[in-house]
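One letter stands for each residue in the lines below.
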Amino acid sequence: MLIEVEALEHRFTDTGDPVIRSFSHRFEPGTLTAVTGPSGSGKSTLMYILALMLTPSGGRTLWDGDDVQALPDNIRSRLRAQYVGFVFQDALLDPSQTALDNVLEAGWLAGMRADVSRSRARMLLDRFGVAERADHLPGQVSGGQAQRIALCRALVKTPTIVFADEPTGNLDSDSARIVWTALADAAQEGATVVVATHDRARATDLPHRLELA
Amino acid sequence: MNRPHPGFLSLVVDAARRLRRPIVPTLVAVLILFAGTVSLFATTGLAAASQQRTLERINSPEGRLITVIDAQGEAGLSPESVSAVRFLSGVDWAIGVGPTVDVANATVSGGGGSRGAGSGLTVPSRAVYGELPTSVLDTGPRILAPGQALSGPGLAAVLALGDGVGPVAGRTIDAVVVGGFRAGPPVTMLNDSVLISRADSGGPAGQDRLLTLWVSVGDVSQIAAVTEAVRATLIVADASHIRIETSSELAQLSVDVVSDLAHSARLTVGSLLVAVAILIATVQFGRVSGMARDIGRRRALGATRTTIVLHILISAGLCAVVGAAAGTATGLVVASLVAGTLPPTGFTIGVPVLMVLAALTGSVPPAIRAARLDPVRILRVP
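Below, the structure is looked at part by part. (Residues numbered from 1 in each chain as written. Chains lettered and ligands numbered in written order. Predicted model: local features only at pLDDT ≥ 70, side-chain atom pairs only at ≥ 80, totals over all residues.)

## Describing the overall build of chain A
Thinking step 1. Looking only at helices and strands, chain A features seven helices and nine strands.
Thinking step 2. Residues counted as buried form 48% of the 213 residues belonging to chain A.
Thinking step 3. Within chain A, contacts between residues at least 6 apart in sequence are counted, and of these 71% link residues at least 24 apart. (Helix = DSSP H or I, 4+ residues; strand = E, 2+ residues; numbered from the N terminus. Buried ≥ 20, exposed ≤ 12 C-beta atoms within 10 Å, placed from the backbone. Contact = placed C-beta atoms within 7 Å.)

## Structural notes on the overall build of chain B
Thinking step 1. Within chain B, the secondary structure is distributed over 10 helices and 11 strands.
Thinking step 2. The long-range share in chain B, meaning contacts at least 24 apart out of those at least 6 apart in sequence, stands at 83%.

## Quick word on the interface of chain A and chain B
Thinking step 1. With 22 residues of chain A in contact, the opposing surface of chain B contributes 19 residues.
Thinking step 2. When residues in the side of chain A that touches chain B are grouped by element, the largest group, seven residues, is from helix α2 (residues 73–83) of chain A.

## Let's talk about the sheet that holds strand β7 (residues 161–165) of chain A
Residues and elements named next belong to chain A.
Thinking step 1. Overall, parallel pairing links the five strands, which are arranged β6-β7-β8-β3-β9 in an open sheet. Both edges of this open sheet fall to β6 (84–87) and β9 (208–211), since each of them pairs with a single strand only. With strand direction ignored, the average angle separating the axes of adjacent strands in the sheet is 15°.
Thinking step 2. Here β7 pairs with strand β8 (residues 192–196) via five bridges, running parallel. By the bridge assignment, alanine 164 is partnered in β8 with valine 195. (Pairing = 2+ DSSP bridges. Axes fitted to C-alpha atoms, helices over the stretch in contact; angles between N-to-C directions.)

## A short note on unusual backbone geometry
Residues and elements named next belong to chain A.
Thinking step 1. At threonine 158, a residue that is not glycine, the phi angle is positive and equals roughly 50°.
Thinking step 2. Note on placement: threonine 158 falls in the loop between α5 (143–155) and β7.
Thinking step 3. C-beta crowding within 10 Å serves as the criterion here: with 15 such atoms nearby, threonine 158 is assigned to the partly exposed category.
Thinking step 4. Positioned with a positive phi, glutamate 166 is a non-glycine residue whose angle comes to about 50°.
Thinking step 5. For glutamate 166, the location among the structural elements is in the loop between β7 and α6 (173–188).

## A few points about the pairing of strand β1 (residues 3–10) of chain A
Residues and elements named next belong to chain A.
Thinking step 1. Two strands pair when backbone bridges link them, and β1 and strand β4 (residues 58–63) are joined in this way by five bridges, in the antiparallel orientation. Bridge pairing in β4 places valine 5 opposite threonine 61.
Thinking step 2. Pairing analysis gives five bridges linking β1 to strand β2 (residues 20–27), with the strands arranged antiparallel. Opposite leucine 8, over in β2, you have phenylalanine 23 as the bridge partner.

## Overview of the pairing of β4(A)
All names here are of chain A.
Thinking step 1. Relative to strand β5 (residues 66–67), β4 runs antiparallel, the two being bridged by two bridges. What sits directly across from tryptophan 63, in β5, is aspartate 66.
Thinking step 2. Between β4 and β5, which pair antiparallel and follow one another directly, the connecting turn spans two residues, one of which, aspartate 64, has a positive phi of 50°.

## So, helix α8 (residues 305–339) of chain B
Thinking step 1. Helix length check: α8(B), at 35 residues, gives a terminal C-alpha distance of 48 Å against a target of 51 Å (1.5 Å per residue), a fit within 8%.
Thinking step 2. Gly340(B) sits one or two positions beyond α8(B) and adopts a positive phi of about 75°. (Expected span 1.5 Å × (residues − 1).)

## Some thoughts on the nonpolar core
Thinking step 1. If you look at the biggest cluster of nonpolar residues, it comprises 112 residues, and the most contacted ones within it are Val103(A), Leu183(A), Leu33(B) and Val276(B).
Thinking step 2. Each residue touching Leu33(B), except ones within four places of it in the same chain, is listed here: Val276(B), Cys319(B), Ala320(B), Gly323(B), Ala324(B), Gly327(B), Met355(B) and Ala359(B). (Core = buried A, V, L, I, M, F, W, Y, C linked by C-beta atoms within 7 Å.)

## With respect to the sheet that holds β1(A)
Where strands meet in a sheet, backbone hydrogen bonds hold them as pairs that are either parallel or antiparallel.
Thinking step 1. With respect to topology, four strands assemble into an open sheet ordered β2-β1-β4-β5 (chain A), the strand pairing being antiparallel. At either end of the open sheet lies a strand with only one pairing partner, and these are β2 and β5 of chain A.

## Some thoughts on the environment of Asp135(A)
Thinking step 1. Within the secondary structure layout, Asp135(A) lies in the loop between α4 (114–127) and α5.
Thinking step 2. Once you skip the residues sitting within four places of it in the chain, Asp135(A) turns out to touch Thr98(A) and Leu100(A).

Okay, here's the thing in structure tokens:
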């Protein structure tokens, strides 16, 4: 899905400095774009705006040419549930549910059939090497395993858009490599993938980069 | 948007699964509903049960009876009054009886046709006007032709009537006993006599008269109005000799009892429902605060505000149903042990329903607050 932002601007308070100022860009389908920049440059804010979680102070966000920011909150939530896979920096798993149930939750919110969702969740857990942790609670798995479970949750509904906010910031190199590979695979399968990262070395290798000041 | 959002049933299942985490507000909510429901049964429920018992006593056959008396026979109360009052609005049944006349078996030697001067044993008889109601007449045929009679319990043997049937005769009367009867309240006094059916027109001579007219109303609360209607409808030569006895004071008492208890019950129930709603709101606000990160995560994953509101309301509803059901069961046991009777069915069903509604009402503000939580603000806090 083509994502465009036009003259995007955002400030958290009415009188504060804008976190994002006059920002325009096109995120093409089938590409993985790395967004880099120092802390406070607005990488996470941009992710939240693109994922329709945050309404910008100004500008437009278009999905396949439609101004989705102007839609009512319930519609934006449904679009997010159905089309967006989001990988958060700290995994953000529900500590009271097993790894499998955490993954299934995204499919449930997207309205997937339970059997289809369960089958795909198990496939993804197996693909990312955490199948044996399916029945464990998040508190019983390592940070790297938790992030891989979060990756499964983002991908279970076969999203057309994937956002990842510092997904490898707290991971060892093996886990980081698995996550980057998975994101690249999602892009190769046609998804629009946008990754906010501090990992300049990794970003340098990517064909699509975006540097926020 | 070709996929549906989570359906209501799956939301219920999800909410039920998540009641365990956190468990404390869940248990507190259940406890509030349980305590509230038991309190209502222990206070208003017992009062309602007492009210029901009192009203049943007041609304007895005796309580619903209007008795028109012409004690000396000077008023000239016409038998036609029976059919005149029978069809007044609110009247259940009406029968009239004439003076007592002794009768004996007309076939016993020396008794037949002797106008009561025979040697057979005599029993009292009364001319009866009007259709005997089944609610009063426990046994025996209800519709008799003029001149036919029914004997009270045991009187057929006294009269030596074979098979309980046969002719009887008195000083001014002849009749044929065609069966027996047993009268229940409020006219059990008829059991000691033979009832002889007479035409409402007052017999061939038109000179029959009633000494007593009994009118039963359908509901005790109508007794005052029906009494006035009966008074205006009586066919009587001299109304000044007529005395009307009713249980109008009881009827008024019943109205007062219902009114006072209803007012008191409304106050108690209303106060308790408000208290339950406030307590549940407090508990749910705490629950929402404790679940803020979970709610933010769900919103980030695509849960709509409607989904969040429904989730909170369903959680509250499940707690309420469990608490109210347990409270109702306990309340019924308490009412049965303390008062020896159960509250009315409407009360038993209405209390838990109102409790659940109060819990849902109290959960609306916390649910709206939960839906308005900003997922980004929650996610940015480590």
